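Okay, here's what each chain looks like letter by letter:
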Amino acid sequence: MARPAQVTLPPIVNGDTWDGLSVDFSSTGSALVNSLTSVRMIFHNADDSETLTLSSIGGDISITSAASWDFTVDPITPFPLSPGTQYWNIETTDSGGLIKTYLIGTIQILND
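This report concerns the structure included in the present document. Quantities reported herein were computed from a predicted structural model and do not represent experimental measurements. (Residues numbered from 1 in each chain as written. Predicted model: local features only at pLDDT ≥ 70, side-chain atom pairs only at ≥ 80, totals over all residues. Heavy atoms only, no water.)

1. Considerations on the overall build of the protein
So, step 1. Looking only at helices and strands, the protein has 0 helices and 8 strands in total.
So, step 2. Counting from the amino terminus, helix and strand elements in the protein follow one another as β-β-β-β-β-β-β-β.
So, step 3. At 14 Å, the protein has a C-alpha radius of gyration in line with the 13 Å of a compact globule built from 112 residues.
So, step 4. C-alpha extents for the protein along the principal axes are approximately 45 × 30 × 25 Å. (Helix = DSSP H or I, 4+ residues; strand = E, 2+ residues; numbered from the N terminus. Rg over C-alpha atoms; globule rule 2.2 N^0.38 Å.)

2. Some remarks on the pattern of salt bridges
So, step 1. Tallied over the entire structure, the rule returns 1 salt bridge.
So, step 2. A salt bridge links Arg40 to Glu91; its shortest N-O distance comes to 3.2 Å. Pair noted here: Arg40 is in strand β3 (residues 36-44) and Glu91 is in strand β7 (residues 84-94), with a separation of 51 residues, a long-range link. (Salt bridge = Lys/Arg side-chain N within 4 Å of Asp/Glu carboxyl O.)

3. Comments concerning the sheet that holds strand β5 (residues 61-65)
So, step 1. Taken in spatial order, the 3 strands of this open sheet run β2-β6-β5, and their pairing is antiparallel. Each end of this open sheet is capped by a strand with a single partner; those strands are β2 (21-24) and β5. Here the average twist between neighbouring strands, direction ignored, is 20 degrees.
So, step 2. In terms of strand pairing, β5 meets strand β6 (residues 70-73) through 4 bridges, oriented antiparallel. Bridging across to β6, Ile61 finds its partner in Val73. (Pairing = 2+ DSSP bridges. Axes fitted to C-alpha atoms, helices over the stretch in contact; angles between N-to-C directions.)

4. Section: the environment of Val33
So, step 1. Relative to the helices and strands, Val33 resides in the loop between β2 and β3.
So, step 2. With 62 residues separating them in the primary sequence, Val33 and Ser95 have C-alpha atoms 9.4 Å apart.

Below, the structure written as structure tokens:
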């Protein structure tokens, strides 16, 4: 199994708007076989005492093209997590029921 790609998102200042994220997945340059049915992005701190879950089912993530795996994580005002390093992952589910985490990473929340 391939490891998820690791991405460091640009830092934001505590209490500011997080601009969201636009994603377009492909497999070796071509579209994935099954269409995208749902997406979840989970943020958490190191000890999981603070978490934030965004989802396409909850309306926080818009799937703009299920066939080409394009989606947008909507901006958040204000970003609700505390200053420090926050970890995140994006979990997808396709029309065949396969659940995969393709992206993981960190984001720094800076003191105001």
